[in-house]
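The residues making up each chain are set out below.
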Amino acid sequence: MSMWLFWLLLALIALGGEVMTGTLVLLFAALGFGAASLIGWLGLPLAAQLVAASAGALGGWFWLFRRRHEKRKPTAPDSLDLGERVEVLEWFDERRCRVRYRGSEWRGELVGERSGLDRYHVVALDGVTIRIRGE
């Protein structure tokens, strides 16, 4: 069996695994294997095929990591929640607490110093964590 057929078989196996899992991780492996198959079909040496397989898979995984990381950015500055008051229910340490906001409990994280008056407001939302600052 020629090497390009081997890469194509690996790409199809990875693609089948991707269809079963739906995580996009195996999709990029399949793309890398497909690129290596194309390079092998063109008759380039094994080293070029390995570089194509690695570059395709690693490039895709890097893009996926960046994309997932960008989704976790804090709330945009024009959020309607900024500046709203929260009630601190319990302090876990100097920075972490449990707060009540809009009728439900959230994980809170203090930005700056603790307020002597125990009045805090929202400065950012980051997933399920509300960043608060004292008044």
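Scroll up to find the structure this text is about.
On a predicted model such as this, the values are computed, not experimentally measured, just so you know.

Rules and cut-offs
Residues numbered from 1 in each chain as written. Predicted model: local features only at pLDDT ≥ 70, side-chain atom pairs only at ≥ 80, totals over all residues. Heavy atoms only, no water. Helix = DSSP H or I, 4+ residues; strand = E, 2+ residues; numbered from the N terminus. Rg over C-alpha atoms; globule rule 2.2 N^0.38 Å. Patch = residues over 30% accessible without salt bridge, like charges linked within 9 Å, V, L, I, M, F, W, Y side chains within 5 Å. Areas by Shrake-Rupley, 256 points an atom, 1.4 Å probe, with all protein chains shown as cover. Salt bridge = Lys/Arg side-chain N within 4 Å of Asp/Glu carboxyl O. Buried < 20%, exposed > 50% of the residue type's maximum accessible area, 1.4 Å probe, protein only. Core = buried A, V, L, I, M, F, W, Y, C linked by side-chain atoms within 4.5 Å. Contact = heavy atoms within 4.5 Å. Phe/Tyr/Trp six-rings, centres within 6.5 Å; stacked < 30°, edge-to-face > 60°. Lys NZ or Arg CZ within 6 Å of the ring centre and 35° of its normal.

Caption draft 1: Spatial organisation of the overall build of the chain. Tallying secondary structure elements over the chain gives 3 helices and 5 strands in all. Of the regular secondary structure in the chain, the N- to C-terminal order runs α-α-α-β-β-β-β-β. Against the globule reference of 14 Å for 135 residues, the chain gives a C-alpha radius of gyration of 25 Å, more extended than a compact globule. Dimensions of the chain along its principal axes, counting C-alpha atoms only, are 75 × 30 × 25 Å.

Caption draft 2: Fine view of a nonpolar patch on the surface. A cluster of nonpolar side chains, Met-3, Phe-6, Leu-46 and Leu-50, forms an exposed patch at the surface whose accessible area comes to about 330 Å². Every element with two or more residues in the nonpolar patch is listed here: helix H1 (3-21) and helix H3 (46-70). Assessed through its relative accessible area of 34%, Phe-6 is described here as partly exposed.

Caption draft 3: Structural detail: the nonpolar core. The biggest cluster of nonpolar side chains holds 10 residues, and these are Val-86, Cys-97, Val-99, Tyr-101, Leu-110, Tyr-120, Val-122, Leu-125, Ile-130 and Ile-132. Listing elements by their share of this core, those giving two or more residues are strand E2 (96-101), strand E4 (120-126) and strand E5 (129-134). Dropping the residues within four chain positions of it, Ile-132 is found in contact with Val-86, Val-88, Cys-97, Val-99, Glu-109, Leu-110, Val-111, Tyr-120, His-121 and Val-123.

Caption draft 4: Seen up close, the packing of aromatic side chains. Following the criterion strictly, the structure yields 4 aromatic pairs and no others. Linked through ring pairs, Phe-6, Trp-7 and Phe-33 together constitute an aromatic cluster. Taking NZ or CZ as reference, Arg-114 lies 3.9 Å from the ring centre of Trp-91, over its face.

Everything listed is a geometric property; what it means functionally is a separate question.
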